[in-house]
Amino acid sequence: MASKYNPAEIEPKWQQKWEADGLYHSDIDESRPKHYALTMLPYPSGDLHIGHWYAMTPSDARARYMRMRGYNVLFPMGFDAFGLPAENAAIQRNIHPKEWTFANIDNMVKQMKSMGAMFDWRRQAISADPDYYKWTQWFFLKLYEKGLAYRKKAQVDWCPKDNTTLAREQVKGEDRVCDRCGTPVIKKELVQWFFKITDYADELLTYVGMDWPEMIRTLQSNWIGRSEGASVTFHTEDGDDIEIFTTRPDTLWGATFMVLAPEHPLVEKVVSDERRAAVDAYIEAAGRQTDIERESTDREKTGVFTGGYAINPVNDEKIPIWIADYVLMSYGTGAIMAVPAHDQRDFEFARQYDLEVRPVIQDPDAETLDGASMNEAAAHYGQMVNSGPLTGTDADEAVSKTIAYLEKNQQGQGTVNYRLRDWLISRQRYWGAPIPMVYCKTCGVQPVPEDQLPVLLPDDIEWRPTGESPLKFHPTWKQTTCPTCDEPAERETDTMDTFMCSSWYHLRYLSPDYTEGPFDQREYDYWMPVDTYTGGSEHATMHLIYTRFFHKALRDMGITEGHEPMIQYRSQGQILGPDGQRMSKSRGNVIDPDEQVANYGADTVRAYLMFGYRWNEGGPWMTENIQGVVRWLHRVWSLVHEGVSGEGDASAERALERKVHQTIHSVSRDIEEFEFNTIVSALMELTNTLQEVQSQVGPAAWDAAVDALLRLMAPITPHIAEELWAALDKPYSVHTQAWPEYDPAAAKEDEITLVVQINGKVRDRITVPAGISEAEAQAMALASEAVKQHVDGQTPKKIIVIEGKLVNIVL
RNA sequence: GCCGAAGUGGCGGAACUGGCAGACGCGCACGACUCAAACUCGUGUUCCUUCGGGAGUGUGGGUUCGACUCCCACCUUCGGCACCA
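Undergrad: With reference to specific residues and values, describe the overall build of chain A.
TA: On a plain count of helices and strands, chain A comes out with 26 helices and 33 strands. Judged by the C-alpha coordinates and their principal axes, chain A covers about 105 × 85 × 50 Å. For chain A, buried positions account for 42% of its 811 residues. Sequence-distant contacts, at least 24 apart, represent 70% of the contacts inside chain A between residues at least 6 apart.

Undergrad: Report on unusual backbone geometry, specifying residues and quantitative values.
TA: The linkage connecting methionine 528 with the following residue, proline 529, adopts the cis geometry, with an omega of 0 degrees. Within the secondary structure, proline 529 sits in the loop between helix 15 (521-527) and strand 26 (530-536). Cis peptide bonds are those with omega within 30 degrees of zero, and the linkage from tyrosine 732 to serine 733 qualifies with 0 degrees. Residue position: serine 733 is located in the loop between helix 23 (718-727) and helix 24 (744-747). In the Ramachandran plot, aspartate 316 falls in the positive-phi region, its phi being about 55 degrees despite a non-glycine side chain. Summarising the element assignment, aspartate 316 is placed in the loop between strand 13 (303-312) and strand 14 (317-324). When the 7 C-beta atoms within 10 Å are taken as the criterion, aspartate 316 is described as exposed. Phi is positive for phenylalanine 674, close to 65 degrees, though the residue is something other than glycine. Structurally, phenylalanine 674 can be placed in the loop between helix 20 (650-672) and helix 21 (676-693).

Undergrad: Please set out the confidence of the model for chain A residue by residue, giving values where relevant.
TA: Taken over all residues, the pLDDT of chain A has a mean of 92, while the share at 70 or more is 99%. Confidence estimates for the predicted assembly give a pTM of 0.93 and an ipTM of 0.95.

Undergrad: So what about helix 22 (residues 699-713)? Which residues, and what values?
TA: When the terminal C-alpha atoms of helix 22 are compared, their 20 Å separation across 15 residues agrees well with the 21 Å that a helix rising 1.5 Å per residue should span. Of all the positions in helix 22, only Ala701, Trp702, Ala705, Val706, Ala708, Leu709, Leu710, Arg711, Leu712 and Met713 are classed as buried. Next to the buried residues of helix 22 lie helix 19 (626-642), helix 20, helix 21 and helix 23.

Undergrad: So what's going on with the domain arrangement of chain A? Residues and values would help.
TA: Interface size is commonly expressed as the accessible surface area that is lost when the partners come together. Assigned domains of chain A: these are domain 1 (136-206 + 213-222 + 422-498), domain 2 (227-417), domain 3 (623-747) and domain 4 (751-810). Measuring from the centre of the C-alpha atoms in domain 1 to the corresponding centre in domain 4 gives 73 Å.

Undergrad: Lay out the environment of tryptophan 18 with the relevant residues and their values.
TA: Locating tryptophan 18 in the fold gives a position in helix 1 (residues 7-21). Residues contacting tryptophan 18, with those up to four places away along its chain left out, are Leu23 and Tyr24.

Undergrad: I'd like a description of the pairing of strand 1 (residues 34-39), backed by residues and values.
TA: Among the six residues of strand 1, five are classified as buried, and the element is accordingly described as predominantly covered. With three bridges joining them, strand 1 and strand 2 (residues 72-74) adopt parallel strand pairing. Bridging across to strand 2, histidine 35 finds its partner in valine 73. Each parallel crossover has a hand, and the one from strand 1 via helix 2 (residues 50-68) to strand 2 is right-handed. Bridge analysis of strand 1 against strand 26 gives three bridges, and the strand direction is parallel.

Undergrad: Describe the sheet that holds strand 23 (residues 479-481), and please don't skip the residues or the numbers.
TA: The antiparallel open sheet is built from four strands, whose spatial order is 22-21-24-23. Among the strands making up the open sheet, the edge pair consists of strand 22 (444-447) and strand 23. Within this sheet the neighbouring strands show an average axis-to-axis angle of 40 degrees, counted without direction. Bridge analysis of strand 21 (residues 437-440) against strand 22 gives four bridges, and the strand direction is antiparallel. Note on strand 22: the bridge partner recorded for methionine 437 is proline 447.

Undergrad: Got a sec to walk through helix 16 (residues 543-556)? Specific residues and values, please.
TA: Given a rise of 1.5 Å per residue, 14 residues ought to cover 20 Å, and the 20 Å separating the end C-alpha atoms of helix 16 matches this to within 8%. Burial runs high along helix 16: 11 of the 14 residues are buried. The complete set of buried residues in helix 16 reads His543, Leu544, Ile545, Tyr546, Thr547, Arg548, Phe549, Phe550, His551, Ala553 and Leu554. In this structure, the buried residues of helix 16 make contact with helix 5 (130-145), helix 6 (201-204), helix 7 (214-224), strand 19 (423-424) and helix 13 (498-502). Looking one or two residues past helix 16, glycine 558 carries a phi angle of roughly 80 degrees, positive in sign.

Undergrad: Explain the sheet that holds strand 32 (residues 798-802) to me, using residue names and the numbers behind them.
TA: Here we have four strands laid out as an open sheet, ordered 31-30-33-32, and mixed in their pairing. Whereas interior strands pair on both sides, the edge strands pair on one side only; in this sheet they are strand 31 (761-769) and strand 32. Here the average twist between neighbouring strands, direction ignored, is 15 degrees. Pairing of strand 32 with strand 33 (residues 806-810) involves five bridges; the strand directions are antiparallel. Each residue of the ladder has a partner; that of lysine 798, found in strand 33, is valine 810.

Undergrad: I'd like a rundown of the pairing of strand 15 (residues 335-338), residues and numbers included.
TA: Residue alternation in strand 15 divides its side chains into two sets, Ala335 and Met337 and Ile336 and Ala338, and both sets are buried. Here strand 12 (residues 257-260) pairs with strand 15 via four bridges, running antiparallel. Its bridge partner being in strand 15, leucine 260 is matched across the sheet by alanine 335.

Undergrad: I'd like a description of the nonpolar core, backed by residues and values.
TA: Ranked by internal contacts, the top residues of the largest apolar core, which has 152 residues, are Met610, Ile679, Ala705 and Leu710. Built from parts of two domains, this core gets at least three residues from each of domain 1 (136-206 + 213-222 + 422-498) and domain 3 (623-747). With near-sequence residues (within four places) excluded, isoleucine 679 lies in contact with Met610, Val667, Asp670, Ile671 and Ile716. Counting residues in each nonpolar core, the second largest holds 50 residues, with Leu252, Val271, Ala310 and Val399 among its members.

Undergrad: Talk me through the packing of helix 18 (residues 602-611) against helix 21; I want residue IDs and the actual numbers.
TA: Interhelical geometry of helix 18 versus helix 21 gives an angle of 115 degrees and a closest axis separation of 6 Å. Two secondary-structure elements touch here, helix 18 through Ala607, Met610 and Phe611 and helix 21 through Phe676, Asn677, Ile679 and Val680. Looking at the contact of helix 18 with helix 21 residue by residue, the class counts come to six nonpolar, one polar and no charged.

Undergrad: Got a sec to walk through the packing of helix 20 against helix 22? Specific residues and values, please.
TA: In contact at an axis separation of 10 Å, helix 20 and helix 22 are set at 15 degrees when each is read in the N-to-C sense. Taken as axis vectors, helix 20 and helix 22 run roughly parallel relative to one another. The two elements helix 20 and helix 22 cross, and the hand of that crossing is left-handed. Residue-level contacts link Glu653, Leu656, Glu657, Val660, Thr663, Ile664 and Val667 of helix 20 to Ala701, Ala705, Ala708 and Leu712 of helix 22. Residue classes in the contact of helix 20 with helix 22 are distributed as eight nonpolar, one polar and two charged.

Undergrad: An account of the environment of arginine 276 is requested, with residue identities and associated values reported.
TA: Along the chain, arginine 276 falls in helix 9 (residues 276-288). Once the C-alpha coordinates of arginine 276 and threonine 306 are considered, the two residues, 30 residues apart in sequence, prove to be 7.3 Å apart.

Undergrad: I'd like a rundown of the environment of glutamine 696, residues and numbers included.
TA: Mapped onto the elements of the fold, glutamine 696 is located in the loop between helix 21 and helix 22. Taking the number of C-beta atoms within 10 Å as the measure of exposure, glutamine 696 has 19 and is therefore partly exposed. For the pair formed by glutamine 696 and serine 651, sequence separation is 45 residues and the distance between their alpha carbons is 9.0 Å. Apart from residues lying up to four places away in sequence, glutamine 696 is in contact with Asp649 and Ala652.

What counts and what doesn't
- Residues numbered from 1 in each chain as written.
- Chains lettered and ligands numbered in written order.
- Predicted model: local features only at pLDDT ≥ 70, side-chain atom pairs only at ≥ 80, totals over all residues.
- Helix = DSSP H or I, 4+ residues; strand = E, 2+ residues; numbered from the N terminus.
- Buried ≥ 20, exposed ≤ 12 C-beta atoms within 10 Å, placed from the backbone.
- Contact = placed C-beta atoms within 7 Å.
- pLDDT = per-residue confidence, 0-100.
- Expected span 1.5 Å × (residues − 1).
- Domains from an automatic or database assignment.
- Pairing = 2+ DSSP bridges.
- Right-handed = clockwise from strand over helix to strand, strands pointing away.
- Axes fitted to C-alpha atoms, helices over the stretch in contact; angles between N-to-C directions.
- Core = buried A, V, L, I, M, F, W, Y, C linked by C-beta atoms within 7 Å.
- Nonpolar A, V, L, I, M, F, W, Y, C, P; charged D, E, K, R; others polar.
- Parallel < 35°, antiparallel > 145°, perpendicular 65-115°, else oblique.
- Left-handed = near helix turned anticlockwise from the far one by under 90°.

Spelled out as structure tokens, the structure:
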């Protein structure tokens, strides 16, 4: 009798052997089709989380499967190693961020190795490595050359806890909190670097050739927020232009006032002397409010008349100009025409301040709208009225006809507006890639020449969370010379958003040691694009949109090819604590993967994580449920060691062969579809069948089934599969074997259970040979005793026969 | 308010193209093994039942011989966006 299954013994043994043999090295091989499998790289926070296992081990299983299917698979891993936690740890514990980060990486690599994943560690890339961030800086320079990186003064989001600006994407939720620390952000007016992601807004909305989940694409589309409309130029009595954006140009004749955002540059000019005090007070009050207060939708509208008037270009009407904080400087032009009859917000404002409401779209079947008595803005249905030359136009055509009219008269044109803002990449923190720019008194903003890259971070630094970059206070670091005139100049002291580093890491993996460029073109030509990408959906409007933008911008510079970096993307859900809450140290509900591995072994943890959840949904850790997987692997272990000795029974052997092929079929399908839970179920079923037929099958049939089972298990539970494979004296390694071939003929049932229904209710189940004709099935169904009783001499109205499934007799 | 996803036993979940609802597990109950317990193995496990059957996949309708699956309306939960003009 064989030994007991002891994962603690076999797992490290095989991990060491695989590593020593370079089993998972992937190199260019033109003779085989390539497959680039990628899973999001972790931040080196210190310890591997069970969530990392949940994300990585199914991706690993699928990469292994592709390899067994004959693909040359690249499955690399690295670290998104710049970022705030390192710096915060440094401040708290007085450890250098570099030291903290690299120590964490060492630890996490060790932990990852215990997963038994097929990562090719030769390709590891670490974004905080100067060899890496040199190229991050190089990409910045390329974007700058291309006009896609620019500097501007703007109202930006600032996290008062992390002491840095944030991109719009990194401010979350209704209460506008920092994505990293949850602190409500405030507005600051600062000069910052931006990437022109808005240039790619339209292209980012097309998802051509992408196999990405609908949900992710919807999140991105909503985030980009394309809206079609028109821009129309109004002008003040003094002749200054006021450009507005509207999605409802058809209501232009119903504009009874204008509203500017309090920050609008023209406010200063339009305000009359007698209104100045009131206007200044309002602006001052608006400035003091938080975004949450200001953007709260259910708040009563406030505003103030400026004393100035604008002329409506379509009817030369003079309308008052107000300022109000419901108009945002950051969207459109920061100015609107107000049409209270057809816009609910304008309506509320008009009622608040007793301004005219003038309907210009009338539903002919409804009561005639009366501006004075309406109690809400009217729907966009009917015909245009009171609209000069466009009166009588059908509402359906009103928008396009008005745009044509405006364009003809040069008063405006059709325009598209986006919610998406340019990507703010400046961070006032130390632990990031320095922005490679220099400021010279005479030559202005100058890029650091490529041959001077990387602009290295100094090691000797003072961590003071001051709200300005620590690099600014370094005694010498920022002092340099102007690359153009050679006079003394100053370096940019802000560092880059770490999402910049992760926008191109999939390229660095191709050749992490390459020094001539960010990547080796030969590797690129062979491996790119990424075939399968997996990660969390929380990155839908951050990393996943940035990396698409980055790829497209690089494509336009001739650096990358194709329109998208990642062809297929799938997102995994999240593992919660046993209490159903998000795992956190303060809640004390954290499941430590090391502990689980010590208790049960890596294979069990891997299989449990795949078996227990719908992968894309996740759910709470269920301490008891892991027992099912523990029992399964022990059972496989003893069954394989026991083997069989007796004579085989033909029908039992046939049943086993059938089950094997059915399992090959369903496991293959489910692994393609990322349905990992049913893969493990199917493998358990095959194990149950083996157990049932153990005393009835001969050695040849048994071995064929076990051979298939171990191959099918190899991607899921790589260690036990390898150990049992070796125990059966099969050639090393199970992981370089071919995936078993599915034979539909072998999977076919000889007999089926025919369900007999009467009026749709199951009355009998009869066993019949597979492949009988409809007439035979019908006859056999009618011959059933149970059926005869129910039919009771009546003539069926209709009999439906579904081949191989059921007969339904309708009375 | 807008956009999206999801609602199935005590629990995690399965059901491929409209065709046996509850696969595979957990848990539980009973039995075997054991001095005993754990492990392991076996049997049972949606609910109701007069043991004939009846009801049942968030709710209410509809289409169909037949609906977890398709259509309409609604409810709940989760995620995202939100005075976006």
